[in-house]
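Below, each chain spelled out in residue letters.
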Amino acid sequence: MNRADIGAHALSTIAVAALGFSLSVGFAFLVSVMLHFLPWAKKGLMPLFVASQTIPLIALAPLMILWFGFGLLPKVLLVILVTFFPMLLSLLSGYRQTPADFTDLLASMGAGRLSIFRRAVLPSARPSFFAGLRISATYAIVATIFAEYAGARRGLGIYILAAKNNFRADLLLAAVVVSAALTLALLGAIRLLDRLTARGSKARHA
């Protein structure tokens, strides 16, 4: 019975984490492209992004629940806030890894900024992109559980809270093991995606 119960809560956590993490990656990519092409925007916005990371998660999660209720939105927003910044930094760092000789060669051949970005900058940023994915993935499940713990109807956070209130150390430990397994599974999926895209990139350049 406990296995089925914790499984249902884990599925809820997975759904929220996957949605929030996917939106975070997409948003981080769009913002990174904007900051890459608009250096003045980078100077103005980066201090705000850094400041957003100084807000303690223990204070942010209850505020999200108070502002947006107990539905899906506050949990997804919290995952985005926690995982967005590492992804953004990884992408911007990856853009800077582009060999200058390569961009100069493309520019001398008449390639525009967008073409150079697509042909040189993006491929160079692939390792940093996947490094950022792995870092952010470790935060996604934790942020989701924390949001559920602060206030939700289902999820591992609620399961952990119920186990703690009932002094069930065995159920609490089981929830911790499941959350760790979910994180490892997410990291494994990212590693597999990294290998598949690396093979595809090699095949295109073969």
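Please read these numbers as outputs of a predicted model, since none were measured by experiment.

**Regarding helix α6 (residues 113-150)**
Next up, step 1: Between its terminal C-alpha atoms α6 stretches only 46 Å, short of the 56 Å expected from 38 residues at 1.5 Å a residue.
Next up, step 2: Of all the bends in α6, the greatest reaches close to 45° and is centred on Arg126; the proline Pro127 follows between one and four positions later.

**Considering the pattern of salt bridges**
Next up, step 1: Summed over the entire model, instances satisfying the criterion amount to 3 salt bridges.
Next up, step 2: Between Arg168 and Asp170 there is a salt bridge, with its nearest N and O atoms 2.7 Å apart.
Next up, step 3: Given a relative accessible area of 33%, Arg168 falls into the partly exposed group.
Next up, step 4: Among the residues examined, Asp170 registers a relative accessible area of 44% and is labelled partly exposed.
Next up, step 5: Taken together, the shared-partner salt bridges in this structure form one network comprising Arg126, Arg134 and Asp194.

**Re the nonpolar core**
Next up, step 1: Of all hydrophobic cores here, the largest spans 31 residues; its most connected members are Phe21, Leu35, Met46, Phe49, Leu88, Tyr95 and Leu133.
Next up, step 2: Broken down by secondary-structure element, the contributors of at least two residues to this core are α1 (2-37), α2 (39-52), α4 (72-95) and α6.
Next up, step 3: With 10 residues, α6 is the single largest residue contributor to this core.
Next up, step 4: Sequence-distant contacts of Tyr95, that is, excluding residues within four places in its chain, are made with Phe29, Ser32, Val33, His36, Phe117, Val121, Leu122 and Ala125.
Next up, step 5: Counting residues in each nonpolar core, the second largest holds 12 residues, with Ile6, Ile145, Ile160 and Ala175 among its members.

Calculation criteria
Residues numbered from 1 in each chain as written. Predicted model: local features only at pLDDT ≥ 70, side-chain atom pairs only at ≥ 80, totals over all residues. Heavy atoms only, no water. Helix = DSSP H or I, 4+ residues; strand = E, 2+ residues; numbered from the N terminus. Expected span 1.5 Å × (residues − 1). Bend = angle between axes of the 7 residues up to and from the residue. Salt bridge = Lys/Arg side-chain N within 4 Å of Asp/Glu carboxyl O. Buried < 20%, exposed > 50% of the residue type's maximum accessible area, 1.4 Å probe, protein only. Core = buried A, V, L, I, M, F, W, Y, C linked by side-chain atoms within 4.5 Å. Contact = heavy atoms within 4.5 Å.

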